[in-house]
Amino acid sequence: MKNRDVVAEYCDEWVRWCETRSFYMRPATSGTLGRLQPAKVGKEPNARNHPDMQYFNMAIHTLADMKKWKGKFLAFKAYYVGDAALAKQAAAVLGISERTYYYHVKSFGHAAYSMSHSIKKAHEAMAAPAPALSPEPPPAPMLHKLGSFIPPA
C-alpha cells in the first residue's frame, strides 16, 4: 500500500510540473479578442524541477495512446487534471462505478510510474557511450617444421 501512496504523490507533483512547464517556453500569441480579455491574475505555479518527471510524463502520454489504457487514462485525467471532487459525475460519464473509477486512477498512475523507470533505463542505455572494443591480438606467427616463417592466413 505504501507504494501506491508514493505514486499518488508523484502524480500530484506531475500536475504541478505540467503547470510550471509553460514558463520554459514562450506563450502563444493571442489574437485581438484574446488581448481584450482580462489577464489571469494569481500565483504562478512553481513546481520542483524533478529530473525524472520528464520520463513520467512520457509514460503517461505513451499509455494514453494505447487502446488498452484509454478508459483508465480518461479516469486519471479527470481525477488529476479535472476536479477530483466530481468523482461521481466523472464515473457516470465514463459509465463505471465510483469504486472502479478510483481503481482506474490508481492503476493507471501505478503503470505510468513503473513505465517511467523503464523509459529512463532505456534512455540511459542509449545515451551511454558504447564500450570500447578491445583489439584482438594479432595471430601468433606459425613456424614451418623446418623453421621457416609462414605468414598467418
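What you see as residue numbers is a count from 1 along each chain, following the sequence as written. With the structure being a predicted model, the display of local features is reserved for residues of pLDDT at least 70 and the display and counting of side-chain atom pairs for 80 or more, all residues being used for whole-chain, interface and lining totals. Hydrogens and waters are ignored; side-chain quantities use all the structure's heavy atoms.

Points about the overall build of the protein chain
Counting its regular elements, the protein chain contains six helices and two strands. A helix here means a DSSP run of H or I that spans at least four residues, while a strand means a run of E at least two residues long, and both kinds are numbered starting from the N terminus. Helices (α) and strands (β) of the protein chain occur, in sequence order from the N terminus, as α-α-α-α-α-α-β-β. Taking all 153 residues of the protein chain together, 25% fall into the buried category. By definition, residues are in contact when any of their heavy atoms lie within 4.5 Å. By sequence separation, contacts in the protein chain at least 24 residues apart represent 74% of the contacts at least 6 residues apart. We get accessible surface area from the Shrake-Rupley algorithm with a probe of 1.4 Å; when it comes to residues, only the shown protein chains can shield them. When the accessible area of the protein chain is evaluated, it comes to approximately 11,900 Å², of which 60% is carbon and sulfur surface. Burial classes: relative accessible area under 20% of the type maximum marks a residue as buried, over 50% as exposed, and values in between as partly exposed (1.4 Å probe, protein chains only).

As for the nonpolar core
The nonpolar side chains of a soluble globular protein tend to be buried, and buried together. Take the buried residues of types Ala, Val, Leu, Ile, Met, Phe, Trp, Tyr and Cys, join any two whose side-chain atoms come within 4.5 Å, and each joined set is a nonpolar core. Residues Trp14, Phe56, Ile60, Phe76, Tyr101 and Phe108 are the most contacted members of the largest nonpolar core, which totals 28 residues. For this core, the elements supplying multiple residues, two or more each, are helix H1 (2-20), helix H3 (53-65), helix H4 (70-80), helix H5 (87-94) and helix H6 (98-127).

Focus on H3
When the terminal C-alpha atoms of H3 are compared, their 19 Å separation across 13 residues agrees well with the 18 Å that a helix rising 1.5 Å per residue should span. Along H3, the residues that are buried comprise Met53, Tyr55, Phe56, Asn57, Ala59, Ile60, Leu63 and Ala64. Each helix should span, by expectation, one fewer than its residue count multiplied by 1.5 Å.

Quick look at the confidence of the model for the protein chain
Confidence of the predictor at the level of single residues is captured by pLDDT, which takes values from 0 to 100. Overall, the prediction assigns the protein chain a mean pLDDT of 78, with 71% of residues at 70 or greater. Within the protein chain, the element-level pLDDT minimum falls on strand S2 (residues 149-150), averaging 58, and the maximum on H6, averaging 92.

Observations regarding the side chain of His104
Mapped onto the fold, His104 is located in helix H6. Overall, the relative accessible area of 16% leaves His104 in the buried class. In this view, His104 contacts Lys72, Ala75 and Ile96; residues no more than four positions away in its chain are not counted.

Description of the packing of aromatic side chains
The geometry of an aromatic ring pair comes down to the distance between the two centres and the angle between the two planes. Any two rings among Phe, Tyr and Trp, with Trp reduced to its six-membered ring, count as a pair given centres within 6.5 Å; such a pair is stacked if its planes are under 30 degrees apart, edge-to-face if over 60, and tilted if neither. Within this structure, the stated rule accounts for 11 aromatic pairs. Aromatic pair Tyr10 and Tyr113: ring centres 5.0 Å apart, planes at 80°, arrangement edge-to-face. Residue Tyr10 is located in helix H1, and its partner Tyr113 is located in helix H6; the two are separated by 103 residues in the primary sequence. With respect to burial, Tyr10 and Tyr113 carry one shared label: buried. Linked through ring pairs, Tyr10, Trp14, Phe56, Trp69, Phe73, Phe76, Tyr79, Tyr80, Tyr101, Tyr102, Phe108 and Tyr113 together constitute an aromatic cluster.

A word on the packing of H3 against H6
Only the contacting stretch of a helix is used when fitting its axis, a line to C-alpha atoms as for every element, and angles between N-to-C directions run 0 to 180 degrees. It is at 7 Å that the axes of H3 and H6 come closest, and there the two elements cross at 120°. Judged by the inter-axis angle, H3 sits oblique to H6. The hand of the H3/H6 crossing is right-handed. Residues Tyr55, Phe56, Met58, Ala59, Ile60, Thr62, Leu63 and Ala64 of H3 lie in contact with H6, whose contacting residues are Phe108, Gly109, Ala111, Ala112, Tyr113, Met115, Ser116, Ile119, Lys120 and His123. Gly falls in the polar group here, along with every residue not listed as nonpolar (Ala, Val, Leu, Ile, Met, Phe, Trp, Tyr, Cys, Pro) or charged (Asp, Glu, Lys, Arg). Of the residues that constitute the contact of H3 with H6, the class distribution is 13 nonpolar, four polar and one charged. Angles are sorted into four bins: roughly parallel if under 35 degrees, roughly antiparallel if over 145, roughly perpendicular if 65 to 115, and oblique for all others. Should the near helix be turned counterclockwise from the far one by less than a right angle, the crossing is left-handed, whereas a clockwise turn marks it as right-handed.

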